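Here's the letter readout for the chains.
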Amino acid sequence: MSTGEPTQAVVSAKPKLVKKLKPARKQVKPGDVEKQETVQTGKEYNIWYNKWAGGDREDNYSNKVKSQTRCTIKKDSGLTRANQTGMRYCCLFFARGCCPYGWECNYLHVLPDPNNALPDSSKDCFARDKFADYRDDMGGVGSFNRQNRTLYVGRIKETGPGPETEEIVIRHFKEWGEIERIRVLQYRSVAFVTYVSEFGAQFAKEAMACQSLDNDEILNVRWATEDPNPIQKVAEKRRLEELGQEAIKARMDPRIVEAMRAVRALEDGDILDDDGQVLEDEDEEAVDSQDLKRRRIDPAQTSLNEQPSKPMGLLTADTLEGLKYFAEIRNQNGFVPTERPSLAKPVTTELGLAGYGSDDDD
């Protein structure tokens, strides 16, 4: 008979298998995407810029057309020729959801890895050259003078309170990378999305351009200007300094790093343990107590050590000890001083000039 008590089943945890990527699929077929031109409101055609001049300049996004394709990472990502050739840049058309080549593409069809640095920092994750400054409309590739991880998302149709809009934005933008923070300006149809990695922001900017969320709007996605918040400025500066230190340590010899740490600890008066870590207060008190015991045992030695080195002639005792130390090292290494070649004495030719006297003798 069943007593109604819940039964507990012991299930052994199976190790997670690493899912292998399959060959990337072709997102579209040739001819599926029809290029739709916006309605021209200008009356004069500029042959230099190859577009109509004049027209509606108040809101350029009012004439934008919604994108016909959209990338789906779970369905579209896969292996391409770039996985064999070593290409480390992503496909721009894959991000926009309209790559017709699939596994035959020469670029990657996966999200950019934030842990792997690109070979050229002046290019974005799509191998496009960055510029020295941003465009006036904060669009385009971006600038190489600033690491921008924040996107400006405009023209959002709000149908509820701020937390509901924030949830919608997170649901659509978290597909392109890990989000650090998000800020929604309610009643202004604007959101700021900050990614952990700059690569995630670059990919999301192209993937969500002219896309819609849940209300069939056409999003205006571009780069955000620098955050004027002083707290965020300090945090960003600290983050960049930590990234720089980690990059330098990764390329340096660990022995040199340990030696630099020991020298810095000596300069600051800190005490290091056997592992090279700075001791805490409790450990320092224990070391101080041991030093006191040593001083009580051998007071004569401590008194000698505490005496300042008196100068002996031009050099102090410490300097002489250092010179002796380096002389011993030189002798141990078998250093043989090389004799300096004697300079030949200049040959003087007597021209009889010594016979002339001075005018003062008169």
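The following paragraphs examine the structure supplied in this document. (Residues numbered from 1 in each chain as written. Predicted model: local features only at pLDDT ≥ 70, side-chain atom pairs only at ≥ 80, totals over all residues. Heavy atoms only, no water.)

Our next topic: the overall build of the protein. A count of helices and strands for the protein gives 10 helices and eight strands. Looking at the protein as a whole, 24% of its 362 residues qualify as buried. Contacts spanning at least 24 positions in sequence make up 62% of the contacts within the protein whose residues lie at least 6 apart. As presented, the protein carries roughly 28,300 Å² of accessible surface, and 52% of it is formed by carbon and sulfur atoms. (Helix = DSSP H or I, 4+ residues; strand = E, 2+ residues; numbered from the N terminus. Buried < 20%, exposed > 50% of the residue type's maximum accessible area, 1.4 Å probe, protein only. Contact = heavy atoms within 4.5 Å. Areas by Shrake-Rupley, 256 points an atom, 1.4 Å probe, with all protein chains shown as cover.)

Attention shifts here to the pairing of strand β5 (residues 190–195). Burial within β5 is extensive, with five of its six residues counted as buried. Pairing geometry for strand β3 (residues 150–154) and β5, over five bridges, is antiparallel. Residue pairing across strands places Gly154 opposite Val190, the latter belonging to β5. Pairing analysis gives six bridges linking strand β4 (residues 179–185) to β5, with the strands arranged antiparallel. (Pairing = 2+ DSSP bridges.)

For the rest of this paragraph, the subject is the layout of surface pockets. Its boundaries defined by the atoms lining it, the second largest pocket holds a volume of some 1,600 Å³. Lining the second largest pocket are 45 residues; nearest its centre among them are Gln147, Arg149, Glu236, Arg239 and Leu240. For the lining of the second largest pocket, the elements supplying multiple residues, two or more each, are β4, β5, α5 (198–207) and α6 (230–251). Broken down by element, the lining of the second largest pocket gets its largest block of residues, 12 residues, from α6. Of the residues belonging to the lining of the second largest pocket, the class tally is 15 nonpolar, 14 polar and 16 charged. (1 Å grid on protein atoms, 1.4 Å probe; cavity = no way out; pocket = protein on both sides within 12 Å on 5 of 7 lines; lining within 4 Å. Points joined across faces, edges and corners; volume = space filled by probe spheres on them. Nonpolar A, V, L, I, M, F, W, Y, C, P; charged D, E, K, R; others polar.)

Counted according to the given criterion, the structure contains one cavity of 30 Å³ or more. The calculated volume of the largest cavity comes to roughly 40 Å³. Around the largest cavity, the lining residues are Lys130, Tyr134, Val141, Gly142, Ser143, Arg146, Asn148, Glu198, Gln202 and Trp223.

Here we take up helix α4 (residues 162–173). Compared with an ideal rise of 1.5 Å per residue, which puts 12 residues at 16 Å, α4 spans 16 Å between its outermost C-alpha atoms and is within 8% of the ideal. Among the residues making up α4, those that are buried are Gly162, Thr165, Ile168, Val169, His172 and Phe173. Here the buried residues of α4 occupy an arc of 125 degrees about the axis, which is enough to place them on one side. Relative to its buried face, α4 has exposed residues pointing more than 90 degrees away, namely Pro163 and Glu167. For α4, the secondary structure elements touched by its buried residues are β3, β4, β5 and α5. (Expected span 1.5 Å × (residues − 1). Arc of directions from axis to C-beta.)

Turning our eyes to something else, we now look at the environment of Gly160. By the element assignment, Gly160 lies in the loop between β3 and α4. For Gly160 and Tyr187, which are 27 residues apart along the polypeptide, the C-alpha to C-alpha distance reads 9.9 Å. Setting aside chain neighbours within four positions, we find Gly160 in contact with Thr165 and Gln186.

This paragraph deals with the packing of aromatic side chains. Under the criterion given, the structure shown has four aromatic pairs. Ring centres of Tyr152 and Phe192 lie 5.7 Å apart, and the angle between their planes is 65 degrees; this geometry places the pair in the edge-to-face category. In this pair, Tyr152 sits in strand β3 while Phe192 sits in strand β5, placing the two residues 40 residues apart along the sequence. What makes Tyr152 buried here is its relative accessible area of 17%. Taken together, the ring pairs in this structure connect Phe94, Phe126, Trp176 and Phe203 into an aromatic cluster. (Phe/Tyr/Trp six-rings, centres within 6.5 Å; stacked < 30°, edge-to-face > 60°.)

With that settled, consider the environment of Ser197. Structurally, the position occupied by Ser197 is in the loop between β5 and α5. Taking C-alpha positions, Ser197 is 5.9 Å from Pro114, a pair spaced 83 residues apart along the chain. Sequence-distant contacts of Ser197, that is, excluding residues within four places in its chain, are made with Pro114 and Arg149. Among the polar contacts made by the side chain of Ser197, one reaches the main-chain amide nitrogen of Phe199 at a distance of 3.2 Å. (Polar contact = N/O pair within 3.5 Å; in protein donor to acceptor, adjacent residues only side chain to side chain.)

With that settled, consider the nonpolar core. If you look at the biggest cluster of nonpolar residues, it comprises 37 residues, and the most contacted ones within it are Phe173, Trp176 and Phe203. Of all the secondary-structure elements, those providing two or more residues to this core are α3 (92–96), β3, α4, β4, β5, α5 and β6 (220–223). By residue number, the principal contributor to this core is α5, which donates five residues. Apart from residues lying up to four places away in sequence, Phe203 is in contact with Ile73, Cys90, Phe94, Ala95, Val110, Leu111, Pro112, Cys125, Phe126 and Trp176. (Core = buried A, V, L, I, M, F, W, Y, C linked by side-chain atoms within 4.5 Å.)

Sheet architecture is open: four strands sit in the order β4-β5-β3-β6, paired in antiparallel fashion. Each edge of the open sheet is held by one strand with a lone partner, namely β4 and β6. The mean angle between the axes of side-by-side strands here comes to 20 degrees, regardless of whether they run parallel or antiparallel. The strands touched by α5 are β3, β5 and β6; relative to β6, the strand with the most contacts, the crossing angle is about 150 degrees. (Axes fitted to C-alpha atoms, helices over the stretch in contact; angles between N-to-C directions.)

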